Structures are given as C-alpha cells and as structure tokens.
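Structural overview for review
As a plain string of letters, each chain reads:
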Amino acid sequence: MLRLGMPVIGVTDVPRAVAFWTAALDLVATEERASETWRTLEHADGSGRALGLLRSASPAEPRPRVHLDLFAGTREEQRSEIERLTRLGARTVDWDSYPPDPDFVVLADPDDNIFCVVDLSHAAEAGARPGD
C-alpha cells in the first residue's frame, strides 16, 4: 500500500534552500540521505519528515499546478509572516489571478518556487476552503 511521503521542492542551491525553509517553518535538516543534491527537513518537535529539497537544473514554474500553502490564523499573523518570510529571502509575486478579496498572498522562495500564505480566518469567514 502506498502512502504519501512528503512534498519535495526542486532548488538550485541546496544550502540556501535549507537555510530558508528551516527558518521559515521551524524545521531542522537531518542527515537522512543527506548529499550535495538532497536534504530532508523534519519538524523541530521530532514529529517526522516535513519537506525534501532536491537540487534541480530545471527552472521554477511561474504557474505551478502543485504548490505549498502555509497557514496563518489571522490576517495580522499573515501580514507578519509575509514580512518575516520576505526578510528571510522570499519575494512577493505579481500575481494576476487573485480573486476578489483573496484569503492568500503569493510569494516565491529564493529559488523562485511559488507558495501561498493563507489567512485561515478570512477563508472561514467566506465559507471557502483554504486557498480557494
């Protein structure tokens, strides 16, 4: 029987990606299968794998069909986290597909991989699923 392992992000600079994602999500890099081309990141509380980072020569997709949603509990927390992630090396993306009154903000990591920061309180108010 198959089970979902973890999301993997393609990156051009593994150490830079480790620095960004460990700081962004309070993760820790492990030695599990560690190499110049791979790092496994785990939850800092020891609860298991969270994210894989794989060196990739292909460019990041400007409109990926699969991406990460990072959840914030309130609009204030969302704004604060966006500011923190930007200081860590993320950038805001000029996204032309926002719906009216969006609950999410599109960012890119230092390798230009797209991800969203979602305000769950806004999604709940609107009766929508996160990221809809």
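Please refer to the structure higher up on the page.
Now for a quick tour of the structure. (Residues numbered from 1 in each chain as written. Predicted model: local features only at pLDDT ≥ 70, side-chain atom pairs only at ≥ 80, totals over all residues. Heavy atoms only, no water.)

What follows is about the packing of helix α1 (residues 14-25) against helix α2 (residues 75-88). At their nearest, the axes of α1 and α2 sit 10 Å apart, and the two run at 160° to each other. Viewed along their axes, α1 and α2 adopt a mutual orientation that is roughly antiparallel. The chirality of how α1 crosses α2 is right-handed. Between α1 and α2, the residues in contact are Phe 20, Ala 23 and Ala 24 and Arg 84, Leu 85 and Leu 88, respectively. Its residues assigned to classes, the contact of α1 with α2 shows five nonpolar, no polar and one charged. (Axes fitted to C-alpha atoms, helices over the stretch in contact; angles between N-to-C directions. Helix = DSSP H or I, 4+ residues; strand = E, 2+ residues; numbered from the N terminus. Parallel < 35°, antiparallel > 145°, perpendicular 65-115°, else oblique. Left-handed = near helix turned anticlockwise from the far one by under 90°. Contact = heavy atoms within 4.5 Å. Nonpolar A, V, L, I, M, F, W, Y, C, P; charged D, E, K, R; others polar.)

Let's shift gears to the environment of Asp 94. Summarising the element assignment, Asp 94 is placed in the loop between β6 (91-92) and β7 (104-108). It is 8.0 Å that separates the C-alpha atoms of Asp 94 and Val 106, two residues lying 12 residues apart in sequence.

Turning our attention to the sheet that holds strand β2 (residues 27-29). Pairing within the open sheet is mixed, and its four strands lie in the order β1-β4-β3-β2. Unpaired on one side and paired on the other, β1 (8-11) and β2 mark the two borders of the sheet. Ignoring which end each strand starts from, the neighbouring axes of this sheet average 25° apart. Packing against the sheet, α1 makes contact with β1, β2, β3 (38-43) and β4 (49-55), and its axis sits at approximately 150° to β2. (Pairing = 2+ DSSP bridges.)

Everything listed here is a matter of geometry and, on its own, says nothing about what the molecule does.
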